[in-house]
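Residues per chain, in single letters:
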Amino acid sequence: MGLLLILIRQIIFTLPNKIGFKTIRILYRIHMKALRYQILLTAACLFISVFSFSQKKFAYVSGKVVDENENPLQGVSVVILGQSKGIITNDSGYFRIKVAADKAFAIVFTHTGRNSEQKNFLLSEGEEETIVIRLEKGEKTLEPVVVTDQRDRREIGLIRPNPKTILNLPSAVTGVESLIKIFVGSNNELTSQYSVRGGSYDENLIYVNDFEIFRPYLVRSGQQEGLSFINPEMVRNINFYNGGFQAKYGDKMSSVLDIQYKKPKKFGGSAYISILEQGLELEGASKNSKFTYLFGVRNRSNRNLLSSQDTKGNYVPSSADFQALLSYQLSQKWQAELLGNISKTKFTLIPQFSQLTTSIFSPFFSATIGVDINFEGREKDEYMTNMIGLSFTNSVSKKLKLKWMLSRFENDERENIDIIGAYLFGERDFDKRNPTYGLIVNPLGAGIFQNWARNTLNIDNWNISHKGNYDAGKHAIQWGLGFDKTSIADKLDEWEFQDSAGYALPYQPNMLQLNKLIRSNADLDVNKFSGYIQDNILPGKDSSHSATLTAGVRFNYNSLNKEFLISPRIGASWKPKWKSDIVFRAAAGIYDQPPFYRELRRYDGTVNKNLKSQKSWQAVAGFDYNFIGIGDRPMRWTTEAYYKSMTDVVPYDIDNVRIRYFGENKAKAYAAGIEMRLHGQLVEDADSWISLGIMKTSEDINGDYYYQYKNAAGEIITAQSADQVPVDSIKNNVGWLRRPTDRRITFGMYFEDYMPTNKNFKAYVNLLYGSNMPYNIPNAVRYRNAAVIEPYIRCDIGFSALLMDDDRSKRRSHSPFRNFDNIWASLEVFNIIDRANVISYLFVKDFSNTVYLLPNRLTPRLINFKIVARW
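Note that this is a predicted model, so its numbers are computed, not measured.

**Q** Break down the overall build of the chain for me, with residues and values.
**A** Of the regular secondary structure elements, the chain holds seven helices and 45 strands. Each of the 871 residues in the chain was classed as buried or not, and the buried ones make up 50%. In the chain, the proportion of contacts linking residues at least 24 apart, taken out of those at least 6 apart, comes to 68%. Entry remark: accessible area of the chain is about 41100 Å², with carbon and sulfur atoms responsible for 57%.

**Q** Before we move on, can you summarise the environment of phenylalanine 529 with the specific residues and values?
**A** In this structure, phenylalanine 529 sits in strand β24 (residues 516-537). C-alpha of phenylalanine 529 to C-alpha of asparagine 463: the two residues are 66 residues apart in sequence and 10.0 Å apart in space.

**Q** Give a description of the environment of glutamine 534 that names residues and reports values.
**A** Position of glutamine 534 relative to the elements: it lies in strand β24. Classification of glutamine 534 by relative accessible area gives buried; the value is 2%. For glutamine 534, the side chain forms a polar contact with the main-chain nitrogen of lysine 248, separated by 3.2 Å.

**Q** Requested: an account of the environment of glutamate 415, with residues and values cited.
**A** Mapping glutamate 415 onto the fold places it in strand β20 (residues 400-428). Separated by 38 residues in the primary sequence, glutamate 415 and alanine 453 have C-alpha atoms spaced 6.8 Å apart. Sequence-distant contacts of glutamate 415, defined by excluding residues within four places in its chain, comprise Leu218, Arg220, Lys380, Asp381, Tyr383, Ala453, Arg454 and Asn455.

**Q** Quick one: what's the story with helix α5 (residues 176-184), residue by residue and with numbers?
**A** Most of α5 sits inside the fold, with nine of its nine residues counted as buried. Every buried residue of α5 is listed here: Val176, Glu177, Ser178, Leu179, Ile180, Lys181, Ile182, Phe183 and Val184. Two residues or fewer past α5, glycine 185 is found with a positive phi of approximately 90°.

**Q** An account of the pattern of salt bridges is requested, with residue identities and associated values reported.
**A** Under the counting rule described, the total for this entry stands at 40 salt bridges. Linking aspartate 210 and lysine 467 is a salt bridge whose minimum nitrogen-to-oxygen distance equals 3.9 Å. Taken together, the positions of aspartate 210 in the loop between β10 (204-208) and β11 (211-212) and lysine 467 in strand β21 (residues 440-471) put the pair 257 residues apart, joining distant regions of the chain. Given the relative accessible area of 23%, aspartate 210 is considered partly exposed. Residue aspartate 648 pairs with lysine 615 through a salt bridge whose shortest N-O separation is 3.0 Å. Taken together, the residues span a long stretch of sequence, with aspartate 648 in strand β29 (residues 634-649) and lysine 615 in strand β28 (residues 615-628) at a distance of 33 residues. Aspartate 648 gets classed as partly exposed once you look at its relative accessible area, which sits at 29%.

**Q** Would you mind going over the nonpolar core in detail, with residue names and values included?
**A** Within the largest apolar cluster, 56 residues are counted, with the highest numbers of intra-cluster contacts made by Val176, Ile230, Leu257, Ile259 and Tyr261. Tallying contributions element by element places α5 first for this core, with six residues. Counting residues in each nonpolar core, the second largest holds 19 residues, with Phe95, Phe105, Ile107 and Ile131 among its members.

**Q** How would you sum up the side chain of asparagine 864? Please name residues and give values.
**A** Structurally, asparagine 864 can be placed in strand β45 (residues 862-870). With relative accessibility at 4%, the residue asparagine 864 sits in the buried group. At 3.1 Å, the side chain of asparagine 864 and the backbone nitrogen of isoleucine 275 are in polar contact. Sequence-distant contacts of asparagine 864, that is, excluding residues within four places in its chain, are made with Ser274, Ile275, Leu276, Ser826, Leu827, Glu828 and Phe830.

**Q** Before we move on, can you summarise the sheet that holds strand β5 (residues 94-100) with the specific residues and values?
**A** With mixed pairing, three strands are arranged side by side in an open sheet as β5-β2-β8. On the outer flanks of this sheet lie β5 and β8 (128-134), each paired with one strand and no other. In this sheet, adjacent strand axes meet at a mean angle of 25° when their direction is disregarded. Pairing analysis gives seven bridges linking strand β2 (residues 58-66) to β5, with the strands arranged antiparallel. Across the sheet, serine 62 pairs through a bridge with arginine 96, a residue of β5.

**Q** Account for the sheet that holds strand β7 (residues 114-121), naming residues and giving values.
**A** Two orientations exist for strands paired in a sheet by backbone hydrogen bonds: parallel and antiparallel. On the basis of which strands lie adjacent, the open sheet formed by four strands has the order β4-β3-β6-β7 and antiparallel pairing. Looking along the sheet, the strands with just one partner apiece sit at the ends: β4 (87-88) and β7. The sheet contact formed by strand β3 (residues 77-80) and strand β6 (residues 105-111) spans four bridges and is antiparallel. Of the residues in β6, the one forming a bridge with isoleucine 80 is isoleucine 107.

**Q** Residues and numbers for the packing of aromatic side chains, please.
**A** Evaluated as defined, the whole model comprises 34 aromatic pairs. Ring centres of tyrosine 603 and phenylalanine 662 lie 5.9 Å apart, and the angle between their planes is 80°; on these two criteria the pair is classed as edge-to-face. Of this pair, tyrosine 603 sits in the loop between α7 (597-600) and β28 while phenylalanine 662 sits in the loop between β31 (658-661) and β32 (667-683), and the two are 59 residues apart along the sequence. For tyrosine 603, a relative accessible area of 35% puts it in the partly exposed group. Phenylalanine 662 sits in the partly exposed class, given a relative accessible area of 22%.

**Q** Break down a nonpolar patch on the surface for me, citing the residues and quoting the values.
**A** On the surface, a nonpolar cluster with roughly 750 Å² of combined accessible area is contributed by Phe291, Tyr328, Leu330, Trp334, Leu338, Ile388, Leu390, Phe392 and Trp404. When residues of the nonpolar patch are traced back to their parent elements, those giving at least two are β18 (334-361) and β19 (366-395). Per-element accounting of the nonpolar patch gives the leading share, three residues, to β19. Along the chain, phenylalanine 392 falls in strand β19.

**Q** Describe the side chain of glutamate 337, listing the residues and the values that go with them.
**A** Structurally, the position occupied by glutamate 337 is in strand β18. Notably, glutamate 337 is buried but unbridged: the nearest opposite-charge side chain belongs to lysine 403, and the N-O separation is 4.9 Å. One polar contact links glutamate 337 to asparagine 209, side chain to side chain, over a distance of 3.1 Å. In contact with glutamate 337, other than residues within four places in its own chain, are Asn209, Leu325, Leu326, Ser327, Gly389, Leu390 and Ser391.

**Q** Summarise unusual backbone geometry; cite the residues concerned and give the values.
**A** Residues other than glycine seldom take positive phi values, yet asparagine 209 does so here, at roughly 50°. Here asparagine 209 lies in the loop between β10 and β11. Residue asparagine 785 is not a glycine yet carries a positive backbone phi of 55°. Note that asparagine 785 resides in the loop between β39 (773-775) and β40 (787-789).

**Q** Would you mind going over a positive patch on the surface in detail, with residue names and values included?
**A** Taken together, the side chains of Lys344, Lys346, Arg378, Lys380 and Arg454 make up a positively charged region of the molecular surface. Contributions of two or more residues to the positive patch are made by β18 and β19. In this fold, lysine 346 is placed in strand β18.

**Q** Please provide a residue-by-residue account of the pairing of strand β15 (residues 277-285), values included.
**A** Bridge count for strand β14 (residues 268-274) against β15 is six bridges, and the pairing is antiparallel. Bridge pairing links alanine 271 to leucine 280 in β15. Pairing geometry for β15 and strand β16 (residues 291-300), over nine bridges, is antiparallel. From the neighbouring strand, glycine 279 faces β16, where its bridge partner is arginine 298. What sits between the antiparallel neighbours β15 and β16 is a turn of five residues, in which serine 289 has the positive phi angle 65°.

**Q** Account for the confidence of the model for the chain, naming residues and giving values.
**A** Across the chain, the average pLDDT comes to 84, with 88% of residues at 70 or higher. pLDDT under 50 marks residues 1-54. Its contacts with residues more than four places away, or in other chains, come to 77 contacts. Scored below 50 in pLDDT, residues 141-147 makes four contacts in the model with residues more than four places away or belonging to other chains.

Here is what the cut-offs are and how they apply
Residues numbered from 1 in each chain as written. Predicted model: local features only at pLDDT ≥ 70, side-chain atom pairs only at ≥ 80, totals over all residues. Heavy atoms only, no water. Helix = DSSP H or I, 4+ residues; strand = E, 2+ residues; numbered from the N terminus. Buried < 20%, exposed > 50% of the residue type's maximum accessible area, 1.4 Å probe, protein only. Contact = heavy atoms within 4.5 Å. Areas by Shrake-Rupley, 256 points an atom, 1.4 Å probe, with all protein chains shown as cover. Polar contact = N/O pair within 3.5 Å; in protein donor to acceptor, adjacent residues only side chain to side chain. Salt bridge = Lys/Arg side-chain N within 4 Å of Asp/Glu carboxyl O. Core = buried A, V, L, I, M, F, W, Y, C linked by side-chain atoms within 4.5 Å. Pairing = 2+ DSSP bridges. Axes fitted to C-alpha atoms, helices over the stretch in contact; angles between N-to-C directions. Phe/Tyr/Trp six-rings, centres within 6.5 Å; stacked < 30°, edge-to-face > 60°. Patch = residues over 30% accessible without salt bridge, like charges linked within 9 Å, V, L, I, M, F, W, Y side chains within 5 Å. Lys, Arg positive; Asp, Glu negative; His and termini not counted. Charge placed at Lys NZ, Arg CZ, Asp CG, Glu CD. pLDDT = per-residue confidence, 0-100.

Okay, here's the thing in structure tokens:
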């Protein structure tokens, strides 16, 4: 909570809302007052809770545990619900446990081979209640202790969240990516894309069962996106690297998301239905366990999310996919695996009208500015993705393992846009006493515009690769070779017409001009060769392996630009022999990113086939500390500091989720920051995460400069007029600027809890905060990234109740639910604080050619209901 208070104090932002020769500072005074009251209220609650904790009172529960024949049971576990430690009964089955007074709680009694029993209590101070507990024979056994490896402690940047957390996480977009956003931050709940440590969306690698996954490329906004490739119901393991990853991972600069799907051992499955999404998952294995199957089907519609946005109209978004993972044990040493996916997303919008509003405060005037837009036309987009991958794994011996893979990915995208809008811009009346309430009362501008597009993109990627690893004791050698053949067929045909006050922009007498025109065709065939070799070393003679070292190198050759890249990488960890359980770790290396489709495209639609790879060297260091926290439960604190230096950078602008590149290697950049994460269980069997990041990223674009003009008196001219004639000029270099992803502070929290007397009623909180971000002003070199998107704050809350548990002994033989393991019902409230977060801006000119920025906002509060059944 202390971290949250610190972050709330950072919500002070500025917004250049009027662009010309003046910059107007925006101050949301009412909003800041509300935040002050929230801080005071939170501080008061925190004080009360601390005071109450210091006045804690106690009572006792004692008694005897017996079996069905009234014989005493020895060694029965007696634990207060939500705590990890307890007591056991003695030889006579007797126990006595100290508990909190004046507070409802539950005690759980468990014993191997017997059904567990739970009793609820509410005792006064000093009171002692004596009870007798009978435990009957049953099929349940105590859960075994699972010993996990220490990879996530020794590998820098590695985060391994529990896949079960995804199923409970309240989020507008369900999936692994929503969980990742807790660690890296977000500014858009409608997209599954994310930015890591100042990188763009295109700098992240995604693997599923060692196959690389691609995303659609023509998507302009989060509302057009469909389902993420990763089906959360099929996930077994999640490995997420937010930097410093090893040489075995591919050629991107920011992050790696490595997913492993489940390998079933018996028949089972799950089904869920919600207002936004529906899904079915089936899994099973043959009697001899040689053949296993895993199927997943999903359908999603964001209509309820989008219907309450600023632009009103008929939204028809739909997305569906089918996935299958089949495996067969050919022999004792050979295994075959087939992964397939078919996904189709459609988005249709018939807009009707839109009302945008913002407030302006300045030394010159204050006003509430708005724009009313009436639309005609429609937008229709389709995104079709197919993927199939086949792999053969040969376990030659206990030490040597070889894998061969063949895959094909196809992406077919189509955009059809033909929308006309007529707008009226000016001061909006917000005085409810007036009959003109909500209307434009002082017009500042009027005009029409038309957006037209017929764009198609087809990407076909074939990959053949080999991977191997050899375990030689203190050396674990890994290697890989790969060949990719990519065919890209691209056709862009779009234009934009703007009319302001009866004049086409840009204005040319006796000539009709289009504000934007892009017409381009591109057919590319790219061959890529890549490979790596690395050694995981356990140096020294210490059997505890207090130190580890990983050294490797990658190579990459791209036939498009004829580049051959070498990327050495090294990582190390050291666990000192201290009383404290702490691991120090560090990594450094070169991370280069060859260009793909989007980086090649210039603003005018032409393709730069000579574009070079973006290059970077990165260093990261930190520690991982395990300690005993609240309620004697294990907690984990991780801290990492990093620095990235980048050259041959391709600058870009972000509009919603659409990235538009310059198509030239004309910048250098850097990113530096520190990240801290705290992970643990505040109550037993309920994971919680807190993540805090502080980061700065800037870029210096070559050749970006502007002129300032002087009059005869040597004064800088701010506006040219008859009495202000320029006689001299000064050339100014813009220098270092904030990058589009420069978000100085990010905070994420996932909290899980349940009722103290009933574990079957749970609550989940997903909280995200990100400080302001820059936003580019088109065709303004001096004011590039000078506009500011205000801080992103979002809180989603979920509540779930267990409708049916896994105790089948109480079910009737003819019950249709007799084979179900459990059924849960969930109620989710998205954006519970109903904050109107901003994702982008609409630029509008008034009659004096002054430009105003009006915010495009994201989704408001929404309620979702979901039922999940598993068998």
